[in-house]
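Listed below are the residues making up each chain.
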Amino acid sequence: FSRMRVYILLICTIVAVASAGLTHVRLHKFPQHHEMPVAVRAKSLAAKYGAHSVSSESPEVPLMDYQDAQYYGEISIGTPPQPFKVIFDTGSSNLWVPSENCSLISWCLLKSKYHWERSSSYRPNGTAFAIQYGSGALTGFTCDDTVTLGGLQAEGVTFAAAVKVPGIMNNIRFALGKFDGIMGMAFPSISVGHVAPVFQMLVAQGKVKEPVFQFYLTKGSSNGGEMVLGGVDSSKFKGPLTYVPLSSETYWAFEMGGISMAGHQLCVKGQKCIGIADTGTSLLAGPKDAVAQLNAIIGAIAIPGGEYLLLNCTDDAIAALPPVTITLSGKIFVLNAKDYILGISSGGQKQCVSGFIGIDVPAGPLWILGDLFISKYVTVFDIGKSRVGFAPVI
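Residues numbered from 1 in each chain as written. Predicted model: local features only at pLDDT ≥ 70, side-chain atom pairs only at ≥ 80, totals over all residues. Heavy atoms only, no water.

Draft legend 1. Region of interest: the overall build of the protein chain. Secondary structure summary: the protein chain contains eight helices and 27 strands in total. Here the protein chain holds 394 residues, and the buried ones make up 57% of them. For the protein chain, the computed accessible surface area is about 16100 Å², with 56% contributed by carbon and sulfur atoms. (Helix = DSSP H or I, 4+ residues; strand = E, 2+ residues; numbered from the N terminus. Buried < 20%, exposed > 50% of the residue type's maximum accessible area, 1.4 Å probe, protein only. Areas by Shrake-Rupley, 256 points an atom, 1.4 Å probe, with all protein chains shown as cover.)

Rendered as structure tokens:
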């Protein structure tokens, strides 16, 4: 009966339609956690991209950054399949989910947990797993098992079954979050243990038509959009894709032609103007000085907690703000005020918060194009040709 219930749950929650060699995985959306101060988000994001600037067997990746992500989807692990909700994160490379061995009164209390003894396809690995954080380490152990994504089975995937999360606040945040774990979709060079990410395993095993995946994120509804595996679904965007070659196969990083607002050049080609497409981050992040300039241009005032607040939050005031333009392979991509201003409710009052966040990292300067950008521009991640493509959402 329990196995039948798992199968029924998967049929009801995982929507994956194969058409013309493409697999469509439905994404779900939940509201941003605006109660997390921007200063905390910035520190977490800076740690995420400072993690791999030095050689380390246990790179530092912040837990808290994922609490601000808006989009998640379903995968399953093992035989029969055990379902999990995960953040599909192009800014990291490891897959981890809670282990059955985690403490009952902790971050994993209400989470789906991996039970290795229930899976006939499980193979022992025996390697300890740890990702370092400022307040400790997420620890656990690695396992090898079958991972199913959109009906596609990747066999022998090495992933982490997490046991412990550092810090009381991290335990609380994860306990309240709607997802169970993280599925990284960047490159093996930045993964703990240099293990292959799930999608690259699907590619190596010939399970997808092309080594390409695509994100189409929606705004304003609980339907978060979809991730497409194995190629490009042109029905989701207008016009041709604009491709940018990767500067390295670590993150999905590329050189930009520039970033500007109201005649101010904030990032210029040839002066290390590097962008990263990151589905695990909700905002648009850049060097602190440049972001401070952006916020000054739109008249945002710094308040305690690190946020920048607009004092005039009327629709007319927002509409009058200048756009920010990002140049990629000679083409201009525009974010209007309605794209970069976050409308939130505080004490029954509407507030308008800037979606620009400042970070300084050792490998910088870096500009992180998170969901704020990707929800306006369909993003295609092409492993085979080492490039990223962008086009306006329909």
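Draft legend 2. Expanded view of a nonpolar patch on the surface. Among the surface-exposed residues, Ile168, Met169, Ile172 and Leu176 lie close enough to one another that they form a single nonpolar patch of about 440 Å² accessible area. With respect to the helices, strands and loops of the structure, Leu176 is situated in helix α3 (residues 168-176). Residue class for Leu176 comes out exposed when judged on its relative accessible area of 65%. (Patch = residues over 30% accessible without salt bridge, like charges linked within 9 Å, V, L, I, M, F, W, Y side chains within 5 Å. Salt bridge = Lys/Arg side-chain N within 4 Å of Asp/Glu carboxyl O.)

Draft legend 3. Spatial organisation of the pattern of salt bridges. Per the counting criterion, the structure on display carries four salt bridges. A salt bridge links Glu226 to Lys236, with the shortest nitrogen-to-oxygen separation between them at 3.9 Å. On the criterion of sequence distance, the pair formed by Glu226 in strand β11 (residues 223-229) and Lys236 in the loop between β11 and β12 (242-249) is long-range, its members being ten residues apart. The class of Lys236 is partly exposed, set by a relative accessible area of 22%.

Draft legend 4. Expanded view of the packing of aromatic side chains. Taken as a whole and assessed by the stated rule, the structure comprises 16 aromatic pairs. Relative to Phe381, the ring of Trp252 has its centre 5.1 Å away and its plane inclined at 75°; by these criteria the two rings are edge-to-face. Taken as a pair, Trp252 in strand β13 (residues 252-255) and Phe381 in strand β26 (residues 377-382) lie far apart in primary sequence, 129 residues in all. Here the two residues Trp252 and Phe381 agree in accessibility, since each one is buried. Taken together, the aromatic side chains of Phe187, Phe199, Phe213, Phe215, Trp252 and Phe381 make up a single cluster linked through ring pairs. A cation sits over an aromatic face here: Lys111 above Phe179, 5.8 Å from the ring centre. Above the face of the Tyr243 ring, Arg387 is positioned so that its terminal group lies 3.5 Å from the ring centre. (Phe/Tyr/Trp six-rings, centres within 6.5 Å; stacked < 30°, edge-to-face > 60°. Lys NZ or Arg CZ within 6 Å of the ring centre and 35° of its normal.)

Draft legend 5. Region of the structure containing the sheet that holds strand β14 (residues 258-261). Reading across the sheet, the four strands line up as β15-β14-β20-β21 and stay open at both edges, with antiparallel pairing between neighbours. Across the chains shown, the open sheet's two edge strands, defined by having one partner strand only, are β15 (264-268) and β21 (331-335). For this sheet, the mean angle separating the axes of adjacent strands, direction not counted, is 20°. Here strand β20 (residues 324-328) pairs with β21 via five bridges, running antiparallel. (Pairing = 2+ DSSP bridges. Axes fitted to C-alpha atoms, helices over the stretch in contact; angles between N-to-C directions.)

Draft legend 6. Structural view of the state of the cysteines. Here the structure, examined in full by the defined rule, presents three disulfides. A sulfur-sulfur separation of 1.8 Å characterises the disulfide bridge that pairs Cys102 with Cys108. The disulfide joining Cys102 to Cys108 has a torsion of about 110° about its S-S bond and is therefore right-handed. Here Cys313 engages in a disulfide with Cys352; their sulfurs sit 1.9 Å apart. (Disulfide = S-S within 2.5 Å.)

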